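# Topology and contacts: notes
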Amino acid sequence: MTDATATSRRHAGPAGTVRVAPSLLAADFGALAEQVGEVAAAADWLHVDVMDGHFVPNLSLGPPVIASLRRHSPLFFDCHLMMTDPGEYLGAFAEAGADGCTVHVEIGQTDRLIAQMRALGLRCGLACNPDTPFTAVEPYLGSIDLLLCMTVFPGFGGQSFMPDVLDKVRQARTAVRSAGLAVDIEVDGGIDVTTAPLAAIAGANVFVAGSAVFGHERPWEAADEIRDAVRSTQD
Ligand code: DX5
Ligand code: ZN
């Protein structure tokens, strides 16, 4: 694949539709391309967790790994930047083949980061930690494509879903709907066949799942089961 293809963004699909995004963090890092291949048919997006050792007490991967994976997968890369200073690296993520980037509201400079993501042609996401109130992200809803409500404190996979966050998801969905905005509401952390439907009922439409997918013997089945569980709430 050439650089030109790496920087041509893939389509996210229509805002508000159900999407399952397996989180690479729970994959076998020694066999990333194979693991991504295993979920390719069942995944709507691939969620890529970037940790800088400052915003969260963990390190994961960065643009070089994304560039390598880009050559192996046509999936939409939904990059969750758990970083204190993502602005320094947004250009590198865009160049590597990220399609959407999500920055955390807790680090500030949100308007500048949104403008920077837009200028780079990235789909634009804003994340908030479980204890960050809806009022912190509300002013930006008209300027973003995706709101990520963390359902665990970021930094590690395999934690338990925090049901208290559902109130914020409900507030966000109500605000998005009443303003007629095309904004996805994503949940991330402890998402599985039991918790995804709870988040869906509250108003989430993008479901990130790490352990529940890559910890499963047949990851593609796990992703399909989460989507089916969400759809069953909509019947
Ligand atoms: C946590 C990351 C998540 C993580 C979720 O900080 O943002 O994307 O991979 O993992 P699970 O699904 O195992 O909670
Ligand atoms: Zn994440």
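Structure report, in brief.

### Quick notes on the sheet that holds strand S3 (residues 76-82)
Spatial strand order, S1-S8-S7-S6-S5-S4-S3-S2: eight strands in an open sheet with parallel pairing. Both edges of this open sheet fall to strand S1 (19-22) and strand S2 (45-51), since each of them pairs with a single strand only. With direction set aside, neighbouring strand axes in the sheet form an average angle of 25°. Sheet topology note: the strand S5 (residues 123-128)/strand S6 (residues 146-150) ladder contains four bridges and is parallel. By the bridge assignment for S6, alanine 127 is matched with leucine 148.

### Looking at the coordination of the zinc ion (ligand 2)
Coordination of the zinc ion (ligand 2) by the protein comes from His47 (NE2), Asp49 (OD), His80 (ND1) and Asp188 (OD), over a distance range of 2.1 to 2.3 Å. Between the six donor atoms coordinating the zinc ion (ligand 2), the angles at the centre fall across 70 to 169°, so the site counts as octahedral. Every donor residue of the zinc ion (ligand 2) comes from the same chain, spaced as H-x1-D-x30-H-x107-D. You can see aspartate 49 sitting in strand S2 and its partner histidine 80 sitting in strand S3, a full 31 residues away along the chain.

### Thoughts on the pairing of strand S4 (residues 100-104)
Two faces make up the sheet, and in a regular strand the side chains alternate between them. Counting buried positions along S4 yields five of five residues, so the element is predominantly enclosed. Of the two faces of S4, the one carrying Gly100, Thr102 and His104 and the one carrying Cys101 and Val103 are both buried. With four bridges joining them, S3 and S4 adopt parallel strand pairing. Within S4, the position partnered with cysteine 79 by the bridge is cysteine 101. Viewed along the sheet, the connection from S3 through helix H4 (residues 90-96) into S4 turns out right-handed. As paired elements, S4 and S5 share five bridges and run parallel to each other. Bridged to histidine 104 within S5 is alanine 127. On the question of chirality, the crossover connecting S4 to the parallel S5 by way of helix H5 (residues 110-119) is right-handed.

What counts and what doesn't
Residues numbered from 1 in each chain as written. Chains lettered and ligands numbered in written order. Predicted model: local features only at pLDDT ≥ 70, side-chain atom pairs only at ≥ 80, totals over all residues. Heavy atoms only, no water. Pairing = 2+ DSSP bridges. Helix = DSSP H or I, 4+ residues; strand = E, 2+ residues; numbered from the N terminus. Axes fitted to C-alpha atoms, helices over the stretch in contact; angles between N-to-C directions. Donors = N, O, S within 2.8 Å, 3.2 Å for Na, K, Ca; no water. Tetrahedral: all angles 85-135°; square planar, octahedral: opposite > 155°, others 65-115°. Buried < 20%, exposed > 50% of the residue type's maximum accessible area, 1.4 Å probe, protein only. Right-handed = clockwise from strand over helix to strand, strands pointing away.

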